[in-house]
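# Architecture and fold: a report
In case you want the letters, here they are:
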Amino acid sequence: MDNRFIFGSAGSLAAGDFNGDGIPDLLIAHGGTVTVWYVPASGPYIDPSGQRTFSLGYAGALVTGDFNGDGKLDWAAALSNLNSVAVMLNDGAGGFNPAPGSPYAVGITPSSITVGDFNGDGKLDLVTGNQTDVTVLLNSAQRPALFTLKNAASYASSASFSPGTIMYGEAPNIASLLAVGATPWPASLNGANVSITDSVGQSRSAPLYYVTPSAVSFLMPAGLAPGRGTANVTTAAGVGIAGPVDIEKTSPGIFTANANGSGVAAGLWTRTAADGTQTWGYLFDPAQLLGQRKSVFVDLGAADDKVFLSLYGTGFRAAAQAAATFNDISVPVASFGALGDDQGADVINLGPLPQSFMGYGSEVPVRILFDNQPANTVTVAVH
């Protein structure tokens, strides 16, 4: 395939997803200008409305990075005719603005540029290769406060999240005191509230489970469109803090006994004898302090007993299928779905457990896939 598009004196190129639609966009240096080309999912590819042009100087090299830590992709250009570097910050609305103090002076005729955290402070710095030396530009930008999200069961922060998932969000000074909402969860606690704006620009209020000075637990609202959105928390003082969020159909997490996303699962075992008698118990000792809870062994009983496990989680009720393994051995999935009327809580029932597990006498890892997406690995003790 040979697709050619006219850019006079096109030189340096870079790529990155500047608008968060999952499709890499192009950064093109040509002459004394730089064009940001927002590439559509399908043609026509040359659409002037999808381009932004900046007259900065002759850009001999380009790089991309999130230079101000706001979750949006920015870019920088080494301007060889001006002996400087221009840093352009993404405004989130399709445009870019110079960073405070940009352009920054460097050595003579910078012809190359690279990006990295060269002093280990968590911020992206720049280095230019000049005619006779190199220049290191250390990033002094003050990072804005971000609203960061995790699955409240798995504590995974790198995954996408689905409607109906119980979430854990962190930001500074959310509320003055701990407050816990009664069912049904309210839209505001201690003056704080959360909303999610989805990929089509629709905003929905999130029911709140609890708030603390630095965290909030809430329910991802129903009806959100898939794709990149924005999570917003308004603090009790009226300060708005935002952060990016990706919405998908499922985002599985399994609750654990110590509420940290790992170790023994939060759940129950049920054993049915041949005569129909049922016994049950917890997979952990609830009398132990949170953070110190250990597994309770599940007794598989007699050869004709049937033992099932119920593991509690969130974010997987909308999945079409599930598969589970204990110690890499497949275990039947009896059922999974929403847990009654409990907001956001889901349950998966596993079993009957194979009698071959008898004699393990130790904790084994339990791995579960929902629509081929892994939940956090938990443990169960069997003997």
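Just above sits the structure.
Numbers given to residues run from 1 along each chain, matching the order in which its sequence is written. Local features in a predicted model are, by the rule used here, given only for residues with pLDDT of at least 70; side-chain atom pairs are given and counted only at 80 or more, and totals for whole chains, interfaces and linings are based on all residues. Computation of side-chain values: all heavy atoms of the structure, hydrogens and water removed.

Looking now at the nonpolar core. What we call a nonpolar core is a set of buried Ala, Val, Leu, Ile, Met, Phe, Trp, Tyr and Cys residues that are connected through their side-chain atoms within 4.5 Å. We call a residue buried when its accessible area falls under 20% of the maximum for its residue type, exposed when it is over 50%, and partly exposed in between, using a 1.4 Å probe and counting protein chains only. If you look at the biggest cluster of nonpolar residues, it comprises 29 residues, and the most contacted ones within it are L283, L309, L311, F326, L350, L353 and I368. The helix and strand labels rest on DSSP assignments: H or I over at least four residues marks a helix, E over at least two residues marks a strand, and numbering proceeds from the N terminus. Elements with a contribution of two residues or more to this core: β25 (306-314), β26 (322-326), β29 (346-350), β30 (362-370) and β32 (378-382). A per-element tally of this core places β30 first, with four residues. Among the nonpolar cores identified, the runner-up in size contains 24 residues, and M167, A171, A206 and V211 belong to it.

For the rest of this paragraph, the subject is the environment of V85. Here V85 lies in strand β7 (residues 84-90). Judged by relative accessible area, V85 falls into the buried class, the value being 0%. Any two residues whose heavy atoms approach within 4.5 Å are treated as being in contact. Not counting residues within four places of it along the chain, the set of residues in contact with V85 comprises A76, A77, A78, S102, P103, Y104, V106, I113, L126, T128 and L137.

This paragraph deals with the sheet that holds strand β10 (residues 112-116). Think of it this way: DSSP has to see at least two bridges between two strands before they count as a pair. Pairing is antiparallel in the open sheet, where three strands are placed in the order β10-β11-β12. Two strands bound the open sheet, and with one partner strand each, they are β10 and β12 (134-137). Between one strand axis and the next, the sheet turns through 15 degrees on average, direction left out of account. Pairing analysis gives four bridges linking strand β11 (residues 125-129) to β12, with the strands arranged antiparallel. Here an angle of 0 to 180 degrees is reported between the N-to-C directions of two axes, which are lines fitted to C-alpha atoms, with helices fitted over the stretch in contact.

By the alternation rule, side chains of β12 split into T135 and L137, which are all buried, and V134 and V136, of which none is buried. As consecutive antiparallel partners, β11 and β12 are separated by four residues.

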